[in-house]
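The primary structure of each chain is shown beneath.
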Amino acid sequence: MKLAALLSTAALMATPALADEIRVLNWQGYGTDLGWATQAFAEATGHSVTHEYFNSEQEMLTKMRTNPGAYDVVLINAAFTTQAQEEGLIAAIDPAPMKNFAGIPANMAQNPDLNPGGALHGVPWTWGLTSFAVNTNDVKDIPTTIQVFWDPEYKGKVSIRDDALEAVQFAAIATGQDINDIQDLEAVREKLAALMPQIKTYWGSENDWNQFMASGEFEVATIWSGSAARSQSKGLPVQFVVPQEGAIAWLDGLSIPESSTHKEAALAFIDWMIDPAFYVKWDAEGAPASANGAAAAALPDESFNKRVLGDPDVVARVQFQRPVSEENRKAYLELWQALKAAQ
Amino acid sequence: MSALAYRTLGLIWLGAVLFFLYAPILVMAAMSFNASEFYQLPFRFSTQWYARLADNQEILDAAARSVLIALCVTAIATTLGSMASIAMFRHEFRGKRLLQVLLFPPIAIPWLITGTAMLIFFFGVGLGRGTPAVIIGHVALAIPYVIVVVTARLATFDPTLEEAARALGADAWTVTRRVTLPWIAPGIVAGALFAFAVSFDQFVVSYFLSEPGDSTLPVLIYTAIRKGFTPEINAISTIIITLSMTVMLIAARYSKFGGDR
Amino acid sequence: MAHVDVTNLTKTFGTFTALDDVTMDFPDGGFFALLGPSGSGKTTLLRTIAGFLFPDRGAVCIGGQPVSAVPVEKRDVGMMFQNYALFPNMTVADNIGFGLRVRRVGAAEERRRVGAALELVQLGDLGNRRPHQLSGGQRQRVALARAIVTNPRVLLLDEPLSALDKALRIDMQIELKRIQREIGITTIFVTHDQEEAMTLSDRIGILRAGRVVQSGPPRDVYNAPQDLFTAGFLGDANLLEGHADGTHLVLTDGTRIELPVRPGVFEAFAVRPESLTLSADRPRGAGINAIPAVLRQRIFAGAMATCIAERAGQSFKVVARDRDMPDLPENGEVWLSWDRDSTLTIPHAS
Amino acid sequence: MAIHPAGQRRLGVLGLLSPAYLWLTVAIFLPLSAMLYFSVLSDVPFGDTDWHYSLENYRAFWENPVYATLLWKSVKLGLMVTLVSVLVGFPCAYVLAKVIRGRARETLFLLVILPFWSNSLVRIFSWAIVLRGNGVLERSLNAILPFEVDVNLMFSTAAVVIGLVHSYLPYVILTSYLGLQAIDDSLIDAARSMGAGKLTILARVILPLALPGVLAGAVLIFVPVVGSFMEPRILGGRVGTYYGTVIEDQFVAVFNWPLGAALSFVLLAVVLGILALASPILRKAQT
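Residues numbered from 1 in each chain as written. Chains lettered and ligands numbered in written order. Predicted model: local features only at pLDDT ≥ 70, side-chain atom pairs only at ≥ 80, totals over all residues. Heavy atoms only, no water.

## Points about the overall build of chain C
- A count of helices and strands for chain C gives eight helices and 21 strands.
- For chain C, the share of sequence-separated contacts (at least 6 apart) that also reach a separation of at least 24 residues comes to 66%.
- Just so you have it, chain C exposes about 15,500 Å², and 48% of that area is on carbon and sulfur atoms.
- For chain C, the distance from the average position of its 39 positive side-chain charges to the average position of its 41 negative side-chain charges is 6 Å. (Helix = DSSP H or I, 4+ residues; strand = E, 2+ residues; numbered from the N terminus. Contact = heavy atoms within 4.5 Å. Areas by Shrake-Rupley, 256 points an atom, 1.4 Å probe, with all protein chains shown as cover. Lys, Arg positive; Asp, Glu negative; His and termini not counted. Charge placed at Lys NZ, Arg CZ, Asp CG, Glu CD.)

What follows is the structure, encoded as structure tokens:
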């Protein structure tokens, strides 16, 4: 009996290594779901990759909470990694089996937000900016200030994402505040309230955003740096702007849910994702900046990431997102909900 | 105004309403045959979006899952609903009125409430989300429709036929199989088609209960719509709407909507 | 074939007592009519005998075996319904063969017996028709054939002729009687039509408010009703109001009437319309009672005529062959007379 | 000893009825009870969260004006959609019931009812395609009209109302039609014989008799519209925040299920209140 049990356990343990289906939870169109990449990954390892998408970090967390076991790799903004770890949603990662981990510089690998409790819970993958882009068909003079969102000329042609944290931090920049330590929330509220009538609709995903830009329904809209690069490379008439007031910067990590049943395959996929070879190819289509120093170094000089994000002037203006306290998160959510409800 | 003028006005009104009801669906369907990814005109005929569908494993899986779920739901809801209808038809008992009233909530309470309540409960009992949860939810929504439709058909059934069969020595099962079921079969078929439609078109409850990666077609479409429109969504929508309208046309033949057949 | 006994049957529906301590005996091979107004319990009694209903108290025996707890499908009874209850989805032959198929007699045997039953009800070539293609009378015959083809121990008929028009009904009564005699089956049938009951049955039972009021051969019940209700329900009766005084009845206005000499104590007296004679002059004779009245109305009905006469605020009905009825002016004085011995003497007033 | 046949029958009834009703209990009634339970918790009772009983979720509804505002907004939307549907649908039902005869009526009636049984999501999506700026509506209008128009209805309350009317219009047509059909034509003839004009007949004979059917349809529209979230989300854009979308958010994004449950229960109370008020009418309309 014991022997049989042992044998069957061994058999069970041996099989997952052969071919797993790993499920990735990410923004849509954000690197992990590139067809050529997953195909190459499948050919190299035998693991197939399927995707599930979220529209906000909140939704991402809730998806993990309510679907234990459903995901194997999750993209988490470093500002949320700690929360996910505290809720027991994600597992600590031993980077040793990843051959590409060595390329990640220490300041990234040991980023305290990705190492809650002193253990690595998110493998630094990409970083970038949340700023805005303008439709160059309609906006001839590229603006240099974030105040363009409040310009009556663009009334009904403006868009931001429906996300409490991002909206509040965006308004914090517009009111000259520290996004991680907002002192005057009332100013933020007023600023956003003034913004609301300008808004056409909220955008939910990059694809969505592209269509609205293509049809001319958006003229000024917030966007992520990587997405802007991708849109440009697709030939959309957009220009990414990092205004004088600055921009939100974020660091995204790849994590493995505690409930994942294919942790080994998940780790292999993360390793694949931080591979400089993958990144260079991705960047050609438009990508955020890589957290892997080796990958960033491999980029050609004309690359968007090298040009824009490599500019020390820009780097000096940006503010990195830090974890948000439970209390603030609630306050932001209520503020945003009340504003939306008043429409 | 003359009677003819009234009549003409009435017909124009009806025509306008029909136009309002069908035009958007037809436009949507037409756009699934337009080559442009951004719905640009002039119209250029193409079936490329349907061809793409054939390669989209995710949509095909969701479609297969939707049909499979709808078939399970149809089988279960039709059986349970018909059984209950027959029981209520055959017997008078205390609380019958209450049981009939209890059919109302699944139809009348907004699905948002039912769906979120199911989500809470299924999590509470450890079932969680997923296809079984979806099936359980859909069956509950479909049962009242089946009971209503089958009961309507039973109302035209003469209960002495059952008594006659029993007097001739037939046991309960023989009575049901040889006498009752043949008569109410059109009602059961209509009920089954309603159940299929309820499940196949159900979005709200599926949305809260389906598991990521195992979502039904409407849920997949909703997520896709929120990520931006593509003619591929038009193509699959066209297929769905054609399918469900066909099912209902057949159902109408069997139910009283199409006249008493 | 078997006789049926019911003893002390009581059946209530909620607060309504449908059967109240009913005891009855239905002899083997007899044709028994249950008669009563609606709500009298006759249908409940029939359905209890059939096994659709189960008594709260009391017992039903068929052929001496207690069957109170046996449901209808195991009681081996044949039943015919008011609306025939032919299965619309089956042919005539399948309808008739249903009971045989349930009993698994085999295809050949089924065909033979269905054929014989069709012959018996004279529908030999209609086996392949559907019920909706038949006339009312034909459906009735199919229903009968279906009820008897299994050779049940008892045949139960629930108002089987009420859906037919009058001419057809009389034909069917004769037909039903012929078939019943031919196969000699114990038959119990429910009707509210007293004429039909008397025509068909060799025994009748009168029910009222869940109780058996009287039972016996039709002629006996008709001629010697045990209470006023029966007297009025089975045929018509003109009540004679007054009080008995030895051999005479003193009417309310003091008129004395001779009563027949019969043993027993009687509480009420009546006379049937057909026993009364209408005349202009007072008839004389031994044992003839006569009372004056005013003729109010004469109703012609083909062979028969009915006259309504009024006396002291009470109306009397007189029935006679039209040609035997004297042609007297309305609102004129007439005499009503009858043979002393045709007076109905009723033991119970209620 | 065998069970008494009457008892056996009772068992039979139970056997036939209980599967369906057990199913409804497990999938409808127990979940609703569970939701009531959740609505008085301070946090989701899964994992190692720290929760206790409290009425804070209901208090949130009363104290934070956002929820009441949104509920009122949803109720207004419901009234609006119901009103438009009745105004559009009743004449339509009248034409079907009293003007058109024979086979044409059967066919047209089926045509009106058919969309109701097709996927609601797909129909809303159709409207999104039609209403988008630079979409089909604008292009076709500009093709017909001599002057340029800018019809950009997408992401407006009008778009939400149009989409919802499209979804629920068949309800009111169906119930009004059934109500109108039940009116004996001889009543109308009788009124005419007494010299009543068309408007008088409509106001004094037809409307009062058809009213239960119309009201039944109105309730059947109002109730789901108050709880709608998918339609406002797709068609409403910036103005598409309603009570239903906030409930959806609590379950899908924010993970504040207890608050979502409490909000749902408030909605349920509103819905049940309306159904209770309307139930005599609905019962009348049934017969």
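## Looking at the overall build of chain D
- Each helix and strand counted, chain D has twelve helices and zero strands in total.
- Ordered by position in the sequence, the α and β elements of chain D form the string α-α-α-α-α-α-α-α-α-α-α-α.
- Against the compact-globule benchmark of 19 Å for 287 residues, chain D has a radius of gyration of 24 Å, which places it well outside the compact range.
- Counting only C-alpha atoms, chain D reaches 75 × 75 × 30 Å along its principal axes.
- Entry remark: accessible area of chain D is about 12,300 Å², with carbon and sulfur atoms responsible for 67%.
- Looking at chain D, you have 19 positive and 15 negative side-chain charges, and the mean spots of the two groups are 15 Å apart. (Rg over C-alpha atoms; globule rule 2.2 N^0.38 Å.)

## Concerning the interface of chain B and chain A
- Contacts between the two partners involve 13 residues from chain B and, on the opposite side, 16 residues from chain A.
- Counting each side, the surface lost to burial between chain B and chain A is near 1,200 Å², with a carbon and sulfur contribution of 45%.
- Scanning the region where chain B abuts chain A turns up zero salt bridges.
- Classifying every residue of the side of chain B that touches chain A by side-chain character gives four nonpolar, three polar and six charged. (Buried area = accessible area lost by both parts, 1.4 Å probe. Salt bridge = Lys/Arg side-chain N within 4 Å of Asp/Glu carboxyl O. Nonpolar A, V, L, I, M, F, W, Y, C, P; charged D, E, K, R; others polar.)

## Considering helix α5 (residues 166-183) of chain C
All names here are of chain C.
- Taking 1.5 Å of rise per residue, 18 residues should cover 26 Å, and α5 covers 26 Å from first to last C-alpha, within 8% of that figure.
- By the burial criterion, the buried members of α5 are R169, M172, Q173, E175, L176, K177, I179 and Q180.
- Packing partners of the buried residues in α5 comprise β3 (31-35), α3 (107-120), α4 (136-148), β7 (154-158), β8 (186-191) and α6 (194-200).
- Looking one or two places after α5, you find G184, whose phi comes out positive at around 60°. (Expected span 1.5 Å × (residues − 1). Buried < 20%, exposed > 50% of the residue type's maximum accessible area, 1.4 Å probe, protein only.)

## With respect to the packing of helix α2 (residues 92-102) of chain C against α3 of chain C
Residues and elements named next belong to chain C.
- In the contact formed by α2 and α3, the axes pass within 9 Å of each other and the chain directions differ by 125°. The angle between the axes of α2 and α3 places the two elements in the oblique class. For the pair α2 and α3, the crossing hand works out as right-handed. Judged by residue contacts, V92, A93, I96, G97, L100 and R101 of α2 engage E110, R113, V114, A117 and L118 from α3.
- In terms of residue class, the contact of α2 with α3 is built from seven nonpolar, one polar and three charged. (Axes fitted to C-alpha atoms, helices over the stretch in contact; angles between N-to-C directions. Parallel < 35°, antiparallel > 145°, perpendicular 65-115°, else oblique. Left-handed = near helix turned anticlockwise from the far one by under 90°.)

## Points about the confidence of the model for chain C
- Of the residues in chain C, 99% reach a pLDDT of 70 or more, and the chain-wide mean stands at 89.
- Ranking the helices and strands of chain C by mean pLDDT puts β3 of chain C first, with 93, and strand β12 (residues 242-245) of chain C last, with 82. (pLDDT = per-residue confidence, 0-100.)

## Quick look at the interface of chain B and chain D
- If you look at the interface, chain B gives 88 residues, while chain D gives 80 residues.
- A buried area of about 7,600 Å², summed over both sides, lies between chain B and chain D, and 83% of it is on carbon and sulfur atoms.
- Remark: the boundary between chain B and chain D carries zero salt bridges.
- Across the contact surface, chain B and chain D share nine residue pairs in polar contact (both at pLDDT 80 or more).
- Looking at the side of chain B that touches chain D, the element that brings in the most residues is helix α1 (residues 3-31) of chain B, giving 16 residues.
- Residues of the side of chain B that touches chain D, tallied by class, amount to 71 nonpolar, eleven polar and six charged. (Polar contact = N/O pair within 3.5 Å; in protein donor to acceptor, adjacent residues only side chain to side chain.)

## Things to note about the sheet that holds strand β2 (residues 16-26) of chain C
Residue and element names in this part refer to chain C.
- With antiparallel pairing, four strands are arranged side by side in an open sheet as β2-β1-β4-β5. Each edge of the open sheet carries a strand with a single partner, namely β2 and β5 (65-66).
- Here strand β1 (residues 4-13) runs beside β2; their pairing, made up of seven bridges, is antiparallel. In the strand pairing of β2, L9 is matched with V22.
- Of the strands in this sheet, β1, β2 and β4 (57-62) touch helix α1 (residues 42-50), which is tilted by about 65° from β2. (Pairing = 2+ DSSP bridges.)

## Side note on the packing of helix α7 (residues 157-181) of chain D against helix α9 (residues 198-226) of chain D
Residues and elements named next belong to chain D.
- Where α7 meets α9, the axes come as close as 8 Å, and the angle between the chain directions of the two elements is 150°. Judged by the inter-axis angle, α7 sits roughly antiparallel to α9. α9 is crossed by α7, and the crossing has right-handed handedness. Contact residues: α7 offers L164, Y168, Y171, V172, T175, S176 and L180, while α9 offers I206, A210, G213, V214, A216, G217, A218, L220, I221, P224 and V225.
- Grouping the constituent residues of the contact of α7 with α9 by class yields 14 nonpolar, four polar and no charged.

## Some words on the side chain of T81 of chain A
- When you line up the elements, T81 of chain A lands in helix α4 (residues 78-86).
- When residues no more than four places from it in sequence are discounted, the contact partners of T81 of chain A are I76, I90, D113, L114, P116, H121 and G122 of chain A.

## Examining the pairing of strand β3 (residues 73-77) of chain A
Residue and element names in this part refer to chain A.
- A large share of β3 lies buried, amounting to five of its five residues.
- Burial along β3 is two-sided: V73, L75 and N77 facing one way and V74 and I76 facing the other are all buried.
- The pairing of strand β1 (residues 21-26) with β3 spans two bridges and is classified as parallel. The residue of β3 that forms the bridge with L25 is V74.

## Concerning empty space enclosed by the protein
- Across all of its chains, the model carries eight cavities of 30 Å³ or more by this definition.
- For the largest cavity, the calculated volume is near 730 Å³.
- In terms of lining, the largest cavity is formed by 40 residues, of which the most central are D162, Y202 and G204 of chain A, R226 of chain B together with R233 of chain D.
- Of all elements in the fold, only α3 (57-66), α8 (206-214) and α15 (326-341) of chain A, α11 (217-226) of chain B together with α10 (230-236) and α11 (243-254) of chain D reach the threshold of two or more residues within the lining of the largest cavity.
- Here the lining of the largest cavity takes six residues from α11 of chain D, the largest share from any one element.
- Within the lining of the largest cavity, the residues separate by chemical class into 17 nonpolar, twelve polar and eleven charged. (1 Å grid on protein atoms, 1.4 Å probe; cavity = no way out; pocket = protein on both sides within 12 Å on 5 of 7 lines; lining within 4 Å. Points joined across faces, edges and corners; volume = space filled by probe spheres on them.)

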